[in-house]
Amino acid sequence: MEIVTYPDPILTKKAEPVEHIDQDIQDLIENMGEMMYRASGIGLAANQVGVAKQVFVYDLRYRERGRNLNVLINPTIVLAEENIDFEEGCLSVPDFLAKTTRRKYIKAKGLDRDGKPIDIEAEDLLAICIQHEIDHLNGTLILDHVSHLKRDLYKRRIRKLMKRDA
Ligand code: NI
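The rules behind the values
- Residues numbered from 1 in each chain as written.
- Predicted model: local features only at pLDDT ≥ 70, side-chain atom pairs only at ≥ 80, totals over all residues.
- Heavy atoms only, no water.
- Salt bridge = Lys/Arg side-chain N within 4 Å of Asp/Glu carboxyl O.
- Helix = DSSP H or I, 4+ residues; strand = E, 2+ residues; numbered from the N terminus.
- Buried < 20%, exposed > 50% of the residue type's maximum accessible area, 1.4 Å probe, protein only.
- Phe/Tyr/Trp six-rings, centres within 6.5 Å; stacked < 30°, edge-to-face > 60°.
- Lys NZ or Arg CZ within 6 Å of the ring centre and 35° of its normal.

Chemist: Let's hear about the pattern of salt bridges: which residues, and what values?
Modeler: Taken as a whole and assessed by the stated rule, the structure comprises six salt bridges. We note a salt bridge from E30 to R113, for which the minimum N-O separation is 3.0 Å. Taken together, the positions of E30 in helix α1 (residues 23-38) and R113 in the loop between β4 (93-111) and β5 (117-123) put the pair 83 residues apart, joining distant regions of the chain. Residue class for E30 comes out partly exposed when judged on its relative accessible area of 42%. Residue classification places R113 among the partly exposed residues on the basis of a relative accessible area of 25%. Linking E34 and R67 is a salt bridge whose minimum nitrogen-to-oxygen distance equals 3.5 Å. Note that E34 is positioned in helix α1 and R67 in the loop between α2 (62-65) and β3 (70-90), a separation of 33 residues in sequence. Residue E34 is classed as partly exposed on the basis of its relative accessible area, which comes to 38%. The network of salt bridges with common partners includes E88, R102 and D135.

Right, dumping it as structure tokens:
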């Protein structure tokens, strides 16, 4: 397993809901966690590792507090309030930062890795992270949050790199 990067088409596809939380899903979660920590990310969605399923993992404070892998399966945002401006990066969009406007407070729900329903209240960085990961599961990237001009410049840069590496 590797982290998939733009312009891989799986990143712009909507992920399917998880129907059965079986051993494959547990293995997927473990692998995603490992890859997220290895890449020094704070969140990772399943389509970023090539699996179009509605699963993401996140852990904001492992550097200070040790690892505590959080999982959300089939997530939805049920409440979103106020705006916050931020500058976001993404493991699937290397060397790019996007100025985004996110909601500052959210409530999200979904399932944990045992299939138990969970509600999450989040603000600031955690709220931004959850919105970013749910974007992934909907096939949306930080590139979709910037101007056409900025996006085209990035696309051109990536195309050039791919040509060079080919
Ligand atoms: Ni991302």
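Chemist: Describe the packing of aromatic side chains, and please don't skip the residues or the numbers.
Modeler: All chains considered together, the criterion is met by four aromatic pairs. Considering the side-chain rings of Y37 and Y62, the 4.7 Å spacing of their centres and the 85 degrees angle between planes classify their relative orientation as edge-to-face. A residue pair is termed long-range when its members are at least 10 positions apart, and Y37 in helix α1 and Y62 in helix α2 qualify at 25 residues. Each member of the pair, Y37 together with Y62, is buried. Each member of the aromatic cluster is reached from another via a ring pair, and the members are Y6, F96 and Y154. One cation-aromatic arrangement involves R67 over Y37; the distance from NZ or CZ to the ring centre is 4.1 Å. The ring of F96 has K150 lying over it, and the distance from NZ or CZ to the ring centre is 4.8 Å.

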